[in-house]
Amino acid sequence: SIFNKVDCQIITYGLSQQADVFADNIQIADGRISFRLNIDGEQIPDFLCVLPGNHNIENALAAITIARTLEVSISSIKKAIDTYMGVYRRFQIKFRSNDVIYIDDYAHHPTEISAVHQAVKQLFPNKKITCIFQPHLFSRTKDFMQDFAKELSKFDEIILLEIYPAREKSIPGITSKSLLESITNANKSLFAKEAVVDHIIDKELEVLLTLGAGDIDTLIDPLTDSLIKRHDNLTSRN
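About the cut-offs
- Residues numbered from 1 in each chain as written.
- Predicted model: local features only at pLDDT ≥ 70, side-chain atom pairs only at ≥ 80, totals over all residues.
- Heavy atoms only, no water.
- Pairing = 2+ DSSP bridges.
- Helix = DSSP H or I, 4+ residues; strand = E, 2+ residues; numbered from the N terminus.
- Contact = heavy atoms within 4.5 Å.
- Axes fitted to C-alpha atoms, helices over the stretch in contact; angles between N-to-C directions.
- Patch = residues over 30% accessible without salt bridge, like charges linked within 9 Å, V, L, I, M, F, W, Y side chains within 5 Å.
- Areas by Shrake-Rupley, 256 points an atom, 1.4 Å probe, with all protein chains shown as cover.
- Salt bridge = Lys/Arg side-chain N within 4 Å of Asp/Glu carboxyl O.
- Lys, Arg positive; Asp, Glu negative; His and termini not counted.
- Charge placed at Lys NZ, Arg CZ, Asp CG, Glu CD.
- Buried < 20%, exposed > 50% of the residue type's maximum accessible area, 1.4 Å probe, protein only.

Chemist: What am I meant to see in the sheet that holds strand S1 (residues 13–14) here?
Modeler: The pairing of strands in a sheet happens through backbone hydrogen bonds and is either parallel or antiparallel. Pairing is mixed across the open sheet formed by four strands, whose spatial order is S1-S2-S3-S4. The open sheet terminates on both sides in strands that have one partner only, identified here as S1 and strand S4 (42–49). Pairing between strand S2 (residues 21–29) and strand S3 (residues 32–39): six bridges, direction antiparallel. Among the inter-strand pairings, Phe22 is bridged to a residue of S3, identified as Asn38. Where helix H1 (residues 54–69) meets the sheet, it contacts S1, S2, S3 and S4, and its direction lies at approximately 40° from that of S3.

As structure tokens, this is what we get:
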């Protein structure tokens, strides 16, 4: 083994109880992953991770293990894990209140959209999911039209933007309108990117997603600011 040739301390981590550092008692708690940390013979409950999936628990364990070797306190580690919101445009939480959570993701392929839907349903199984999606490339929309329609139909509400062309010229018959017509969920609409913030901000929202690889990221700040203002207005009224 290569490890036998390296003069260093080896610490294993993971979800297996055979690891030196492992997580168990994994549960969903208020839209977060809750787990118990087992480290140095101790069992420390109530670690919270906002990012879904076992791979993110393993990533958290890696960070925890390194932090403990650097003698960072458990309380500081807990706070850091709980408040970590992810990398840019990968299931990144942009706004969260007691009523609404807004998540942005770069997903632009049917399999990625499916993965985001599964992750959101895992964290928020009983909440309405509103998805704003910007198709990326005419060719991709053409090649995966039915797959896009199938995955997008799973959301409670879908709002389509026009296709982001990037380097491509348009393809006859391949439009966001044709994709909209293929979506089986009747709670669907098509909006210009410039109009979608005003449209969405007055709706009843529980979980809001923006998905896509084009210039949909230009909506992130306006949506976030509008949600903050809406939250502040509702709070001041109460």
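Chemist: Quick question: what am I supposed to make of a negative patch on the surface here?
Modeler: Judged by side-chain charge, Asp99, Asp156, Glu204 and Glu206 come together as a negatively charged surface patch. Here Asp156 shows up in the loop between helix H5 (145–152) and strand S8 (157–160). Judged by relative accessible area, which is 34%, Asp156 ranks as partly exposed.

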